[in-house]
Amino acid sequence: MFAREILGLKEARVAVDAILEEASKDPAQPISVVVVDGHGEVVCAARMDGAGPMFNYMAFKKARSSATTGKNTRSWGDFLGKRNYAVSDFVPEATGIPGGIAIVKPGESSGEAGPGQGIIYGAIAVSGRTGNEDEALSMLGLKALQKAVWG
């Protein structure tokens, strides 16, 4: 039998709170944020006032895509695009739109470089701004979570 650490609400809220704190500096551009576990199931989600339903949907889709593939959505979409595959050919309801970031321990690979990846604890995703901004906010949340959990 295997024993495995899993992502809990306390850890997920650290990421969500850090993201919302930063995103709230520009309330005219509301966002939605979702943190999922390694199976792609929601651990914590929030949206700023004014964030529409599409932002919620896309944040969930990005998070689930990262958790189930073990890759950040941008790099996964780029990887498949170079091979003329559609992202949805591999994972139903998946996306390669930037903003989903896999949660791994600091110093471990999320599988971006191939085999030998670290454990994927889940993913963080933001939707509501440009892909680059969504990705930067998700990364900020990841850094906050990693610091709180692994120091």
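Please read all numbers here as calculations on a predicted model, not as lab measurements.

Enquirer: Got a sec to walk through the overall build of the protein? Specific residues and values, please.
Expert: Summing up its helical and strand segments, the protein has four helices and four strands in all. The helix and strand sequence of the protein, counted from the amino end, reads α-β-β-α-α-β-β-α. Here the protein has a C-alpha radius of gyration of 14 Å; the compact-globule value for 151 residues is 15 Å, and the two agree. Oriented by its inertia axes, the alpha-carbon framework of the protein measures out at about 40 × 40 × 25 Å. A burial count over the protein gives 45% of its 151 residues as buried. Partitioning the intrachain contacts of the protein with sequence separation of at least 6 by distance along the chain shows that 64% fall at a separation of at least 24. If you sum the accessible surface of the protein, you get close to 8,000 Å²; carbon and sulfur atoms cover 56% of it. Across the protein, the centroid of the 16 positively charged side chains sits 3 Å from that of the 17 negatively charged ones.

Enquirer: Please give an account of the environment of Ser-24 that cites residues and values.
Expert: Inspection of the secondary structure puts Ser-24 in the loop between helix 1 (9-23) and strand 1 (32-37). The exposure class assigned to Ser-24 is partly exposed, which follows from its relative accessible area of 40%. Taking the C-alpha atoms as reference points, Ser-24 and Met-48, separated by 24 residues in sequence, lie 7.9 Å from one another. Looking at Ser-24, its side chain comes within polar contact range of the main-chain oxygen of Leu-20, at 2.6 Å.

Enquirer: Break down helix 3 (residues 73-81) for me, citing the residues and quoting the values.
Expert: Those residues of helix 3 not exposed but buried are Thr-73, Trp-76, Gly-77 and Leu-80. Buried residues of helix 3, viewed axially, fall in a sector of 95°; they line one side. Tucked into the core, helix 3 has its buried residues touching helix 2 (53-69) and strand 3 (100-103).

Enquirer: Go over the packing of aromatic side chains, please, and point to the residues and values.
Expert: One pass over the structure, following the stated rule, counts one aromatic pair. Ring centres of Tyr-121 and Trp-150 lie 5.2 Å apart, and the angle between their planes is 55°; this geometry places the pair in the tilted category. With Tyr-121 in the loop between strand 3 and strand 4 (122-127) and Trp-150 in helix 4 (residues 131-150), the pair connects residues that are 29 residues apart, well separated along the chain. Residue class for Tyr-121 comes out buried when judged on its relative accessible area of 6%. Residue placement shows Lys-71 over the ring face of Phe-79; its charged tip is 5.8 Å from the ring centre.

Enquirer: I'd like a description of the environment of Val-14, backed by residues and values.
Expert: Structurally, Val-14 can be placed in helix 1. Here Val-14 falls in the partly exposed class, since its relative accessible area comes to 30%. In this structure, the C-alpha to C-alpha distance between Val-14 and Asp-49, residues 35 residues apart in sequence, is 20 Å. With residues up to four places along the chain from it excluded, the contact list for Val-14 reads Ala-144, Leu-145 and Ala-148.

Cut-offs and rules
- Once a new chain begins, its residue numbering starts again from 1 and follows that chain's sequence as written.
- For a predicted model such as this one, the threshold for reporting local features is a pLDDT of at least 70, and the threshold for listing and counting side-chain atom pairs is 80 or more; totals across whole chains, interfaces and linings nevertheless cover every residue.
- To get the side-chain values, all heavy atoms of the structure are used, and hydrogens and water are removed first.
- The way it works is that DSSP assigns letters per residue, a run of H or I at least four long becomes a helix, a run of E at least two long becomes a strand, and they are numbered from the N terminus.
- For the radius of gyration, the atom set is restricted to C-alpha positions; the globular benchmark scales as 2.2 Å times the number of residues to the power 0.38.
- Exposed residues in this analysis have more than 50% of their type's maximum accessible area, buried residues have under 20%, and partly exposed residues fall in between, with area computed by a 1.4 Å probe over protein chains only.
- The contact criterion used throughout is that any non-hydrogen atoms of two residues lie within 4.5 Å.
- Surface accessibility follows the Shrake-Rupley procedure with a 1.4 Å probe radius. Residue values consider only the protein chains on display as shielding.
- In this tally, Lys and Arg are treated as positive and Asp and Glu as negative; His is ignored, and so are the chain termini.
- The location of each charge is read from NZ of Lys, CZ of Arg, CG of Asp or CD of Glu.
- N or O atoms within 3.5 Å of each other form a polar contact, as long as, within protein, one can give a hydrogen and the other can take it, and as long as residues adjacent in sequence are counted only when both atoms are side-chain atoms.
- The arc in question is traced by the directions running from the helix axis to the C-beta atoms.
- Between rings of Phe, Tyr and Trp, where Trp is taken as its six-membered ring, a pair exists when centres lie within 6.5 Å; planes separated by under 30 degrees are stacked, by over 60 edge-to-face, and by other angles tilted.
- For a Lys NZ or an Arg CZ to count as sitting over a ring, it must be within 6 Å of the ring centre and within 35 degrees of the ring normal.

What is shown is where atoms sit, not what they do.
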